[in-house]
Structures are given as structure tokens and as C-alpha cells.
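Here is how the chains run, residue by residue.
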Amino acid sequence: MKEKIRDTASQLFLERGFKSITMDDIANEIGMSKKTIYSEYSNKTSLVEDCVMNKFCDLSDGIDLIIAMEKNAIEELYEIKKYVMSHLNDEKSSPQYQLMKYYPKIHKNLKIMQFDKMHNCILLNVERGLAQGLFRNNIEPEFVARIYFTGMNSIKDQSIFPINRFPISRLMDAFLEYHLRGIVTPKGKTILNNIINSNQE
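Quick caveat: nothing in here was measured; it's all calculated off a predicted structure.

How each quantity is defined
- Residues numbered from 1 in each chain as written.
- Predicted model: local features only at pLDDT ≥ 70, side-chain atom pairs only at ≥ 80, totals over all residues.
- Heavy atoms only, no water.
- Salt bridge = Lys/Arg side-chain N within 4 Å of Asp/Glu carboxyl O.
- Helix = DSSP H or I, 4+ residues; strand = E, 2+ residues; numbered from the N terminus.
- UniProt positions renumbered as here; feature names shortened; annotations may be inferred.
- Expected span 1.5 Å × (residues − 1).
- Polar contact = N/O pair within 3.5 Å; in protein donor to acceptor, adjacent residues only side chain to side chain.
- 1 Å grid on protein atoms, 1.4 Å probe; cavity = no way out; pocket = protein on both sides within 12 Å on 5 of 7 lines; lining within 4 Å.
- Points joined across faces, edges and corners; volume = space filled by probe spheres on them.
- Nonpolar A, V, L, I, M, F, W, Y, C, P; charged D, E, K, R; others polar.

## Quick look at the pattern of salt bridges
In step 1: One pass over the full model with this rule turns up eight salt bridges.
In step 2: A salt bridge links Glu142 to Arg146, with the shortest nitrogen-to-oxygen separation between them at 2.7 Å. Here Glu142 and its partner Arg146 are both found in helix H8 (residues 141-154), four residues apart, which amounts to about one turn of the helix.

Structure below.
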């Protein structure tokens, strides 16, 4: 029962945002009484937290599987981006922005977890790219990992990148290309251009 509530709520939050979805909406979508939901979750905040942390764990597991495939470093980043976007419904409702605004404590905890995950992921990616001759050998992996995390969070700020002008999927593509063009070797640039050209076809 708890899993059904969490899965339904997560989908609704991603589609329409944390603010607009009520416990009544979730109960109606499932076809159960609100009282049943409250028997599993004491309030909406505890439900939001469970949904957010569960989604984070699911995404982390999926990212680990992609990394385990040992693709080249450039392809790996595009595969991770594609995977994350497919599981976040293109973030049409910008859930992370709403989470920061209406549930700051949950957002703060999530951001710490995201940093740890992304930091390790990008460090491994940079090391692989260096070993494969795809990234310049004069880059500082620690700097690259931290600036990537900072940039990824900044592009989700709608006061800087309004969603009506910068759809999140296009923004993610632009940011990833911007990141990679700054660190690739000529060999890496060839692979990057091939991926970009195939994505545009």
C-alpha cells in the first residue's frame, strides 16, 4: 500500500509540482480514502520526503548501472543525462525549484546527497576520459567535478533560465556540450560531434 501511494504521488509531483498536488488529489488518483494515506504518512511533508529520497535512490542505482557498462567517458555522460531526463518527465513542473521553495529542509538534504553522488560520478568520468585520451591531461578533476555540480544546479534556477525560454531538455543538452567542449582533446571532440550530430538527426 505504501509503495502504491509513493509511486502515484511521485508521478503527480513530477507532472504538476509539489505545491499544487494535495493529499485529496493523490487519494482520488489511487481511488482510496485520504484516511488510508494518513495511516502511512503523518502529513504531506513526510510523503514528499519519502518520494524524493526514493526517486533519488532509483536514479542513483540506474546511474551506477550505466557507469558499470564502461562506455567511453563522453558517451557515458550522454547516457546518464538521457536516463535522468526520462525518469524526471523532462521536469516540466520544475520539481527541484519547488522543493527548494516549499520544502527547504528536504531540498537541503537532497542537495547534499546529490553533491556526493555527482561529485563521485564526475570524478570517475574525468579519470576515465583522461585514460581514454578524450579529455585534456592538464585539467584538474576535482575542479571539473565541482564546477559541473555548480553549473547543473544553476541552470535549474528559473529566475536566471525561465522555463518558457529555456526548456529543461534543451538546457541540459546545451550545458553538457558546454562542459565537454571545455575539456575534450581533438579525439574527444570527434566523438562529441558525432553524438551531437546523431542526436539532431
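## Side note on the UniProt feature "domain: HTH tetR-type" (unreviewed entry) in the chain
In step 1: Listed under "domain: HTH tetR-type" (unreviewed entry) in the UniProt record, and renumbered for this structure, are residues 1-59.
In step 2: When the span residues 1-59 is considered, its composition is 78% helix and 0% strand, and the gap between its end C-alpha atoms is 22 Å.

## Brief notes about the UniProt feature "DNA-binding region" (unreviewed entry) in the chain
In step 1: UniProt records the feature "DNA-binding region" (unreviewed entry) for residues 22-41 in the present numbering.
In step 2: In this annotation, residues 22-41 is assigned 75% helix and 0% strand; the end-to-end C-alpha distance for the span is 13 Å.

## Notes on helix H4 (residues 44-68)
In step 1: The end-to-end C-alpha distance of H4, which contains 25 residues, comes to 36 Å, matching closely the 36 Å that a straight helix rising 1.5 Å per residue would cover.
In step 2: The opening residue of H4 is Asn43, an N-cap whose side-chain oxygen sits 3.2 Å from the backbone nitrogen of Thr45.
In step 3: Backbone geometry just downstream of H4 places Glu70 in the positive-phi region, at approximately 55 degrees.

## Describing empty space enclosed by the protein
Using a probe with the size of a water molecule, rolled over the atoms, empty space left in the structure can be pinpointed.
In step 1: If you walk through the whole model with that rule in mind, you get two cavities of 30 Å³ or more.
In step 2: Put simply, the largest cavity is a space of about 690 Å³.
In step 3: Considering the residues around the largest cavity, the lining is formed by 33 residues, among which Leu59, Val84, Leu88, Gln114 and Lys156 are closest to the centre.
In step 4: Elements represented by at least two residues in the lining of the largest cavity include exactly helix H1 (2-16), H4, helix H5 (73-87), helix H6 (95-102), helix H7 (104-131), H8 and helix H9 (168-181).
In step 5: The leading source of residues in the lining of the largest cavity is H4, at seven residues.
In step 6: A breakdown of the residues in the lining of the largest cavity according to their chemical character gives 23 nonpolar, five polar and five charged.

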